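This is what each chain is made of:
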Amino acid sequence: MQFDRLLTEARLATMVAGDGGYGVIEKAALGIKDGRIAWIGPMSEIPGKVRETERLASRWVTPALIDCHTHLVFAGDRSDEFERRLGGESYESISRSGGGIARSVEATRAAGAAELAAGALTRLDALAQEGVGTVEIKSGYGLTRDSERTMLRAARGVARASGMRVSATLLAAHAVPPEYKGESGRYIDEVCIPLIREAAREGLADAVDAYCEGIGFTPEETRRLFIAAKAAGLPVKLHADQLSDSGGAKLVAEFGGLSADHIEYTNPDGIKAMAAAGTVGVLLPGAYYAIGETKKPPVEALRAAGVPMAVATDANPGTSPMVSLLTAANMACILFGLTLPEAFAGMTRHAAAALGLQDEIGTLEVGKAADLAIWDVERPAEIIQWIGRRPLHGRILAGEWQ
Ligand code: DI6
Ligand code: FE
């Protein structure tokens, strides 16, 4: 067997499902050919005589991490709202008085594509330094047909510039823009649905998302949007049940959705529907923490129902100003009660499924992309235990050191 690269003396956390743990292979080797994992196993079983080894000196190797829910593309600053929230005002009340998403929309509309990409790249770099190789990036701060597409183009541009894999999501139904105030239905029909068709035709989006919430869109509007997404051949996901129980998780599961995200207020019916549809539950502890939410997502019920759980940053300028996936994982363990292997699966295997990329990334398996994170730690638990430490040795993406 010939490899382009053979990593030896590694400790692998393959994250392959089975024992519910890390899928460990000690004293392991991993062969890479044409950007893919071509061989994996104990060093004692390396097939034939192979040269060109890169010794990892017992370092741990995991799949490159995946942040499956971010809003990394935006312009402007909302730290004044942070101050207002510290003064006791709620996120919802700030939103209703013209702050919140609307503020970022104003700044984002005024920014050019280059400015948007530059800001996103800085934030993306923070994630890269923690071993992230794939990010999802949503639109949703443009809210016109042109500016939403500019945001999606910026997300595609960021992928090219960073060498990272980017999954772009159309989130035109993030908020009702001022020019449609009080007419959310008309905004859905005149802007969001035509945009779905355009984005699909132009290859700008990989999925469609919506903000189904009292301060966002109703379940009925979300349903119409999902019907259009399905017709355009795009999978759906949803900001569901974050501030109240609106039946969002059940709705997105009904459409075979990739993921239901937040899900703090999701009821047993929603959990059942997610389990039946294979919809991933994406936990976003950064938002829970930053807005001072007290209702936790129903982790025990999700676990009992066999719903795969992912963990993401929700990086955004309002409710989750956080560009650290490892911190999100730490919070998911401490605040929500995830086990360490669950948190790792949430940043790898289940995050891949939340993006529909489970055949491509998320585990160390022959045939998958050679997207790896290599760590200077004694035990995988350390990676999540520490906050702000970044014990990353390096990343290999599509077979190449970054
Ligand atoms: N994700 C979102 O998109 C909204 N909340 C959340 O957790 C709001 C984002 C924002 O305030 O900009
Ligand atoms: Fe979000």
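Residues numbered from 1 in each chain as written. Chains lettered and ligands numbered in written order. Predicted model: local features only at pLDDT ≥ 70, side-chain atom pairs only at ≥ 80, totals over all residues. Heavy atoms only, no water.

(A) Structural context of the environment of Val 24. Within the secondary structure layout, Val 24 lies in strand 2 (residues 24-33). For the pair Val 24 and Arg 11, spaced 13 residues apart in sequence, the C-alpha separation works out to 7.2 Å. Apart from the residues lying within four places of it in its own chain, the contact partners of Val 24 are Leu 12 and Trp 60. (Helix = DSSP H or I, 4+ residues; strand = E, 2+ residues; numbered from the N terminus. Contact = heavy atoms within 4.5 Å.)

(B) Molecular detail of the pattern of salt bridges. One pass over the structure, following the stated rule, counts 31 salt bridges. A salt bridge links Asp 209 to Lys 138; the shortest N-O distance between them is 2.8 Å. You can see Asp 209 sitting in strand 9 (residues 207-212) and its partner Lys 138 sitting in strand 7 (residues 132-138), a full 71 residues away along the chain. As far as the burial class goes, Asp 209 and Lys 138 line up, both buried. Taking the shortest distance from any N to any O, the salt bridge between Arg 165 and Asp 371 comes out at 3.2 Å. Residue Arg 165 is found in strand 8 (residues 165-173), and its partner Asp 371 is found in the loop between helix 14 (349-354) and strand 14 (372-375); the two are separated by 206 residues along the sequence. Judged by relative accessible area, Arg 165 falls into the partly exposed class, the value being 26%. Here the residues in one salt-bridge network are Arg 145, Asp 146, Arg 149, Glu 198 and Glu 202, joined through shared partners. (Salt bridge = Lys/Arg side-chain N within 4 Å of Asp/Glu carboxyl O. Buried < 20%, exposed > 50% of the residue type's maximum accessible area, 1.4 Å probe, protein only.)

(C) Geometry of the site of ligand 1. Within the structure, ligand 1 sits among 15 residues, and Arg 78, Tyr 91, Tyr 141, His 174 and Asp 314 are positioned closest to it. At a separation of 3.2 Å, an oxygen atom of ligand 1 approaches a polar side-chain atom of His 71. Contact between ligand 1 and Tyr 141: an oxygen atom at 2.6 Å from a side-chain N or O atom of the residue. Burial of ligand 1 by the protein amounts to 100% of the accessible area it has alone, namely 320 Å². (Near = heavy atom within 4 Å. Polar contact = N/O pair within 3.5 Å; in protein donor to acceptor, adjacent residues only side chain to side chain. Areas by Shrake-Rupley, 256 points an atom, 1.4 Å probe, with all protein chains shown as cover.)

(D) Expanded view of the coordination of the iron ion (ligand 2). Protein ligation of the iron ion (ligand 2) involves His 69 (NE2), His 71 (NE2), His 239 (NE2) and Asp 314 (OD), the donor distances falling in the range 2.1 to 2.2 Å. Sequence positions of the residues that donate to the iron ion (ligand 2) give the spacing H-x1-H-x167-H-x74-D. Taken as a pair, His 69 in the loop between strand 6 (65-67) and helix 1 (79-86) and Asp 314 in the loop between strand 13 (309-311) and helix 12 (325-334) lie far apart in primary sequence, 245 residues in all. Here His 69 and Asp 314 have matching classes, each one buried. (Donors = N, O, S within 2.8 Å, 3.2 Å for Na, K, Ca; no water.)

(E) View of the packing of helix 5 (residues 145-162) against helix 6 (residues 184-201). Running from amino to carboxyl end, helix 5 crosses helix 6 at an angle of 40°, the nearest separation of the two axes being 10 Å. By the angle between their axes, helix 5 is oblique relative to helix 6. Considering how the two elements wind past one another, helix 5 and helix 6 form a crossing that is right-handed. Of the residues in helix 6, those touching helix 5 at Arg 145, Glu 148, Arg 149 and Leu 152 are Glu 190, Val 191, Pro 194, Leu 195, Glu 198 and Ala 199. Looking at the contact of helix 5 with helix 6, its residues break down into 5 nonpolar, no polar and 5 charged. (Axes fitted to C-alpha atoms, helices over the stretch in contact; angles between N-to-C directions. Parallel < 35°, antiparallel > 145°, perpendicular 65-115°, else oblique. Left-handed = near helix turned anticlockwise from the far one by under 90°. Nonpolar A, V, L, I, M, F, W, Y, C, P; charged D, E, K, R; others polar.)

(F) Summary view of the environment of Gly 99. Structurally, Gly 99 can be placed in the loop between helix 2 (91-96) and helix 3 (101-110). For the pair formed by Gly 99 and Arg 78, sequence separation is 21 residues and the distance between their alpha carbons is 8.6 Å. Residue contacts for Gly 99: discarding those within four places in its chain leaves Glu 81 and Ile 94.

(G) Structural view of the side chain of Glu 264. Mapping Glu 264 onto the fold places it in the loop between strand 11 (259-262) and helix 9 (268-277). With residues up to four places along the chain from it excluded, the contact list for Glu 264 reads Asp 241, Gln 242, Tyr 288, Glu 293, Lys 295, Lys 296, Pro 297 and Pro 298.

(H) Just the environment of Arg 224, in detail. Structurally, Arg 224 can be placed in helix 7 (residues 219-231). For Arg 224 and Cys 333, which are 109 residues apart along the polypeptide, the C-alpha to C-alpha distance reads 36 Å. Apart from residues no more than four positions distant in its own chain, Arg 224 is found in contact with Gly 185, Ile 188, Asp 189 and Ile 193.

Everything listed here is a matter of coordinates, which is why it stays silent on function.
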